[in-house]
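Single-letter residue listing:
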Amino acid sequence: MSANNPFARLPEAATFTVTSATVADGGPWPAEQFAAGMPGGKDVSPQLSWRDAPAGTKSYAVTVYDPDAPTGSGFWHWAVADIPATVTELPEGAGDLTGATLPEGAFQLPNDTRDARFIGAAPPAGHGPHRYFVVVHALDVESIGVPPEATPAVLGFTMAGHILGRAVLTATAETAA
């Protein structure tokens, strides 16, 4: 696991709370949250709930990022934009290919496999533990204005000046050698 902090070079933001019935903060992903093809992996996005977002929040975005992937740029597993401010929960499995259980107006951006859905953990065997930053971003705009085919990196760049708060839950995964 590297010391890479994905927020180190971003502007400070207020904190609020995100929890999950799927995974505890700092705990390992359950098997279903691993990538298909891994033992028990089903690419099922986690259930998420959040509360106490900063005043003035007009929308949310959710991202799942692994800074420990051996790529030089990490690995984006999921990105959802334009979640209405009235929404404070995503059900487990909302990140499937259909996105049918996402709130109206919200959409998924292509992850690093170029699929607009959640893709589960798949750390290389023997690479050590990986951290998965599950982040709910509280934004000061109703729509962040990125096209659905944009990358999560473009979403992050576009959000940088609009983030009022950040709620972070970290999951872990490791594949034995």
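See the structure shown above.
Let me sum up the structure you'll find in this document. Since the model is a prediction, treat every value here as computed from it, not as a measurement.

### Looking at the packing of aromatic side chains
Next up, step 1: On inspection of all chains with the given rule, the structure shows 7 aromatic pairs.
Next up, step 2: For the ring pair Phe 7 and Phe 133, a centre distance of 5.7 Å and an interplane angle of 85 degrees mean the geometry is edge-to-face. Highlighted residues: Phe 7 in the segment before strand E1 (14–15) and Phe 133 in strand E8 (residues 130–139), separated in sequence by 126 residues. Just as Phe 7 is buried, Phe 133 falls in that class too.
Next up, step 3: Linked through ring pairs, Trp 29, Trp 78, Phe 118 and Tyr 132 together constitute an aromatic cluster.

### A word on the pairing of E8
Next up, step 1: Most of E8 is tucked away, with 10 of its 10 residues classed as buried.
Next up, step 2: In E8, alternate side chains face the same way, and those of His 130, Tyr 132, Val 134, Val 136 and Ala 138 on one face and Arg 131, Phe 133, Val 135, His 137 and Leu 139 on the other are all buried.
Next up, step 3: By the bridge criterion, 7 bridges tie strand E4 (residues 59–66) to E8 in an arrangement that is antiparallel. Residue pairing for E8: Thr 63 is matched across the bridge by Val 135.
Next up, step 4: Bridging between E8 and strand E9 (residues 163–173) involves 10 bridges; their strand directions are antiparallel. Within E9, the residue paired with His 130 across the bridge is Ala 173.

### Regarding the pairing of strand E3 (residues 48–51)
Next up, step 1: The alternating pattern of E3 places Leu 48 and Trp 50 on a buried face, while none of Ser 49 and Arg 51, on the opposite face, is buried.
Next up, step 2: Of the strand pairs in this sheet, E3 and strand E6 (residues 89–90) are connected by 2 bridges, and their pairing is antiparallel. Directly across from Ser 49, in E6, lies its bridge partner Glu 89.

### What to know about the sheet that holds E6
Next up, step 1: Strand order across the open sheet formed by 3 strands is E2-E3-E6, with antiparallel pairing between neighbours. With one partner strand each, in any of the chains shown, strand E2 (17–19) and E6 form the two edges of the open sheet.

### With respect to the nonpolar core
Next up, step 1: The biggest cluster of nonpolar side chains holds 31 residues, and the ones touching the most others in it are Trp 29, Trp 50, Val 62, Trp 78, Ile 83, Leu 90 and Val 136.
Next up, step 2: Contributing elements (two or more residues each) for this core: E3, E4, strand E5 (75–84), E8 and E9.
Next up, step 3: Of all hydrophobic cores here, the second largest spans 12 residues; its members include Ala 81, Phe 107, Leu 109 and Ala 150.

### A short note on the pattern of salt bridges
Next up, step 1: Following the criterion strictly, the structure yields 5 salt bridges and no others.
Next up, step 2: Arg 131 is paired through a salt bridge with Asp 68; the nearest N and O atoms lie 2.9 Å apart. Linking Arg 131 in strand E8 with Asp 68 in the loop between E4 and E5, this pair joins segments that are 63 residues apart in sequence.
Next up, step 3: Residue classification places Arg 131 among the buried positions, given a relative accessible area of 12%.

### So, the environment of Ala 173
Next up, step 1: Position of Ala 173 relative to the elements: it lies in strand E9.
Next up, step 2: Among the residues examined, Ala 173 registers a relative accessible area of 5% and is labelled buried.
Next up, step 3: Expressed as a C-alpha distance, the spacing of Ala 173 and Lys 42, which sit 131 residues apart in the sequence, is 14 Å.

Each value, and the rule that gives it
- Residues numbered from 1 in each chain as written.
- Predicted model: local features only at pLDDT ≥ 70, side-chain atom pairs only at ≥ 80, totals over all residues.
- Heavy atoms only, no water.
- Phe/Tyr/Trp six-rings, centres within 6.5 Å; stacked < 30°, edge-to-face > 60°.
- Helix = DSSP H or I, 4+ residues; strand = E, 2+ residues; numbered from the N terminus.
- Buried < 20%, exposed > 50% of the residue type's maximum accessible area, 1.4 Å probe, protein only.
- Pairing = 2+ DSSP bridges.
- Core = buried A, V, L, I, M, F, W, Y, C linked by side-chain atoms within 4.5 Å.
- Salt bridge = Lys/Arg side-chain N within 4 Å of Asp/Glu carboxyl O.

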